[in-house]
Amino acid sequence: RPWSLFTLSPSLDIDSEWRGQYARGDITLGAGGSVYLDRVDAGVPAAIAKVWFPVVVGGTLTLQASEVEVDDGQWRRGSAVLEWRDADWTATRTPMTLGDYRARLVPDAGTPRAIVETLAGPVQVEGTAAWLGDDYRLDLFIRSEQAVPPALNNALLLMASPEDGGYRLRYNTAPSSGAPVK
């Protein structure tokens, strides 16, 4: 949309696919650093998670978003769903199937909060995630219907605490909280 430059709100219609990654949708950049996303459908290999977490995983992360507005790093409005399909833990020679998961964004008094749920699979995950400007917070309960391999158990214990036959993962990057907590 070349004419969008004259309104000081440049807009792009994206439709891209490359090696298992894809992105489609409308992106508009507003004055003062605001970003507007609509009709977004994107997917990447889940291995990208190692950028933020000390994990080795497989599967596909997908994002669908509509009417999302972020202004100066703060969530303003919109809806989004992040899914992790065909999730597996690949840190050993034999990958362990984890399942399929969804995080559904629920606006909560200006702070976006996601409800995390299991769609299918032997490893159940439930909880919440929140985005607080440049920081985020996770509170997840993880349990398995089958015995957790020792290597996965050790990996979970690096990030989570044992609780009620499962694991509680609490992670908070907010400066007022100090270091991320286990």
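Before reading further, recall that the structure is shown in the block above.
Here goes a summary of the coordinates provided. Since we're looking at a predicted model, the values are computed, not measured. (Residues numbered from 1 in each chain as written. Predicted model: local features only at pLDDT ≥ 70, side-chain atom pairs only at ≥ 80, totals over all residues. Heavy atoms only, no water.)

### Let's talk about the nonpolar core
Consideration 1: Core analysis: the biggest nonpolar cluster contains 22 residues, and Val 57, Leu 98, Tyr 101, Val 123, Val 125, Ile 142 and Leu 152 have the highest contact counts within it.
Consideration 2: Where this core is concerned, the elements lending two or more residues are strand S4 (57–71), strand S5 (74–89), strand S6 (96–108), strand S7 (111–120), strand S8 (123–132), strand S9 (135–144), helix H1 (150–159) and strand S11 (166–172).
Consideration 3: In terms of residue count, the dominant contributor to this core is S6 (4 residues).
Consideration 4: Val 57 has contacts with Ala 46, Ala 47, Ala 49, Trp 84, Asp 88, Trp 89 and Thr 90, leaving out every residue within four places of it along the chain.
Consideration 5: Formed by 7 residues, the second largest nonpolar core is a distinct cluster that contains Val 40, Val 68, Trp 75 and Leu 105. (Core = buried A, V, L, I, M, F, W, Y, C linked by side-chain atoms within 4.5 Å. Buried < 20%, exposed > 50% of the residue type's maximum accessible area, 1.4 Å probe, protein only. Helix = DSSP H or I, 4+ residues; strand = E, 2+ residues; numbered from the N terminus. Contact = heavy atoms within 4.5 Å.)

### Topic: the pairing of S11
Consideration 1: Across the 7 residues of S11, 5 count as buried, placing the element largely inside the fold.
Consideration 2: Examined bridge by bridge, S9 and S11 share 6 bridges and lie antiparallel to one another. Each residue of the ladder has a partner; that of Arg 137, found in S11, is Asn 172.
Consideration 3: Bridging between strand S10 (residues 161–163) and S11 involves 3 bridges; their strand directions are antiparallel. Looking across to S11, one finds that Glu 163 is bridged to Gly 166.
Consideration 4: Joining the antiparallel neighbours S10 and S11 is a turn of 2 residues, in which Asp 164 adopts a positive phi near 45°. (Pairing = 2+ DSSP bridges.)

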